[in-house]
Amino acid sequence: MTGVGPPEALAFRHLMARWPTGVAVVTAREAGRDHGLTVNALLSLTLAPPTILVSLSVDADTTPIVERSGRFAASFLSAAQRPISERFARTLPSAEKFRDLALDRSPGGLALLPGAVGRLECRVREVRPGGDHRIVLGEVEWIDLPPDGTPLVFHRSGYAAEDGPDRLRLPPPRSA
Ligand SMILES: Cc1cc2nc3c(=O)[nH]c(=O)nc-3n(C[C@H](O)[C@H](O)[C@H](O)COP(=O)(O)O)c2cc1C
C-alpha cells in the first residue's frame, strides 16, 4: 500500500503496523482477583515524575478494573513469552488467563510475570477519554529491572522471532 491521503481505517492500520513496539501484559486486581491484557500502546511519557501512558480499549474487561482500583502493573515481555502475549490477548475469563501461571507480586499485590525483561507498578494519575480507548497515565511507584534480556517485539501485525541470544528476526514485509 503506497500513497498519501486521508487516514482511511485500513491504511492507518497498515501504517501503524510499520511502527515496531514492545509488548507488555498490564495487570490489575479487584476483590482478590487478577485481571490482565496484552498491550503494545505503552510509552514512557515523562521522566519527572516517572510516568507511563497506556491506551486501554473501552471494550477490554481489564480497563474498568484499572480505573476503579487506581493501580496497575506492567510486565514487559521477553521474546520467549510470545505464548503469554497470545493468551492475554484472548477474550477469556480472567481465571483462565492466569490458570497454571507462575506469578510474582508487586508491593501493591499486583500480578507480575516472571521472566519479563522489566516490570513496574503504577498509581493511576489520570484517565482521559480517547475515542474507543481510555488514555491512562500511570505514575511509576516501583520498578524491577532484572538482567537485560531479549524483548518481544510486535511489528507488521506479527511477532519478531528470536534469532540468536540477542538478535530478532522481524516478520517479512507485506506485499500489499
Ligand atoms: C500485540 C497486541 C497488542 C495489543 N495492544 C493493546 C493495547 O495497547 N490496548 C488494548 O486495549 N488492547 C490491546 N490489545 C488487545 C487486548 O489484548 C485484547 O483485547 C484482550 O482480549 C483484552 O482482554 P480483557 O478483555 O480480558 O481485558 C493487543 C493485542 C495484541 C495481540
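Below: a short report on this structure.

So, the sheet that holds strand β5 (residues 51-57)
Argument step 1. Pairing in this open sheet of 7 strands is antiparallel, and the strands run β3-β2-β6-β9-β10-β5-β4 from one edge to the other. With one partner strand each, in any of the chains shown, β3 (33-39) and β4 (42-46) form the two edges of the open sheet. Recorded for the sheet is a direction-independent mean angle of 35° between the axes of neighbouring strands.
Argument step 2. The pairing of strand β6 (residues 71-76) with strand β9 (residues 118-130) spans 6 bridges and is classified as antiparallel. Residue Phe76 lies in a different strand from β9, and its bridge partner there is Gly118.
Argument step 3. The sheet contacts of helix α2 (residues 62-69) involve β2 (24-30), β3, β5, β6, β9 and β10 (133-144), and relative to β2 the element is tilted by about 60°.

Structural notes on the site of the ligand
Argument step 1. Taken together, the neighbourhood of the ligand is formed by 20 residues, with Thr38, Ser57, Asp61, Thr62 and Lys97 sitting nearest.
Argument step 2. Within the backbone of Ser57, an N or O atom sits 2.6 Å from an oxygen atom of the ligand.
Argument step 3. Here the ligand loses 82% of its free accessible area of 650 Å² to cover by the protein chains.
Argument step 4. Among the elements of the structure, β3 and β5 are those that each provide at least two residues to the shell around the ligand.
Argument step 5. Split into classes, the residues belonging to the shell around the ligand amount to 9 nonpolar, 8 polar and 3 charged.

Examining the pairing of β4
Argument step 1. By the bridge criterion, 4 bridges tie β4 to β5 in an arrangement that is antiparallel. Its bridge partner being in β5, Leu43 is matched across the sheet by Leu53.
Argument step 2. The turn linking β4 back onto β5 is made up of 4 residues.

Notes on the pairing of β6
Consecutive side chains of a regular strand alternate in pointing toward one face of the sheet and then the other.
Argument step 1. The sheet contact formed by β2 and β6 spans 4 bridges and is antiparallel. The residue of β6 that forms the bridge with Thr27 is Ala73.

Thoughts on the packing of aromatic side chains
Think of a pair of aromatic rings as described by two things: how far the centres are apart, and how the planes are tilted against each other in angle.
Argument step 1. Following the criterion strictly, the structure yields 2 aromatic pairs and no others.
Argument step 2. Where Phe88 meets Phe98, the ring centres are 5.1 Å apart and the plane angle is 80°; that geometry is what we call edge-to-face. Separated by 10 residues along the polypeptide, Phe88 in helix α3 (residues 82-88) and Phe98 in helix α4 (residues 94-98) bring together distant segments of the chain. Each member of the pair Phe88 and Phe98 is classed as buried.
Argument step 3. The interplanar angle of 70° and the centroid separation of 5.2 Å between the aromatic rings of Phe154 and Tyr159 together place this pair among those described as edge-to-face.
Argument step 4. A relative accessible area of 26% means that Phe154 is categorised as partly exposed.

Definitions and cut-offs
Residues numbered from 1 in each chain as written. Predicted model: local features only at pLDDT ≥ 70, side-chain atom pairs only at ≥ 80, totals over all residues. Heavy atoms only, no water. Pairing = 2+ DSSP bridges. Helix = DSSP H or I, 4+ residues; strand = E, 2+ residues; numbered from the N terminus. Axes fitted to C-alpha atoms, helices over the stretch in contact; angles between N-to-C directions. Contact = heavy atoms within 4.5 Å. Near = heavy atom within 4 Å. Polar contact = N/O pair within 3.5 Å; in protein donor to acceptor, adjacent residues only side chain to side chain. Areas by Shrake-Rupley, 256 points an atom, 1.4 Å probe, with all protein chains shown as cover. Nonpolar A, V, L, I, M, F, W, Y, C, P; charged D, E, K, R; others polar. Phe/Tyr/Trp six-rings, centres within 6.5 Å; stacked < 30°, edge-to-face > 60°. Buried < 20%, exposed > 50% of the residue type's maximum accessible area, 1.4 Å probe, protein only.

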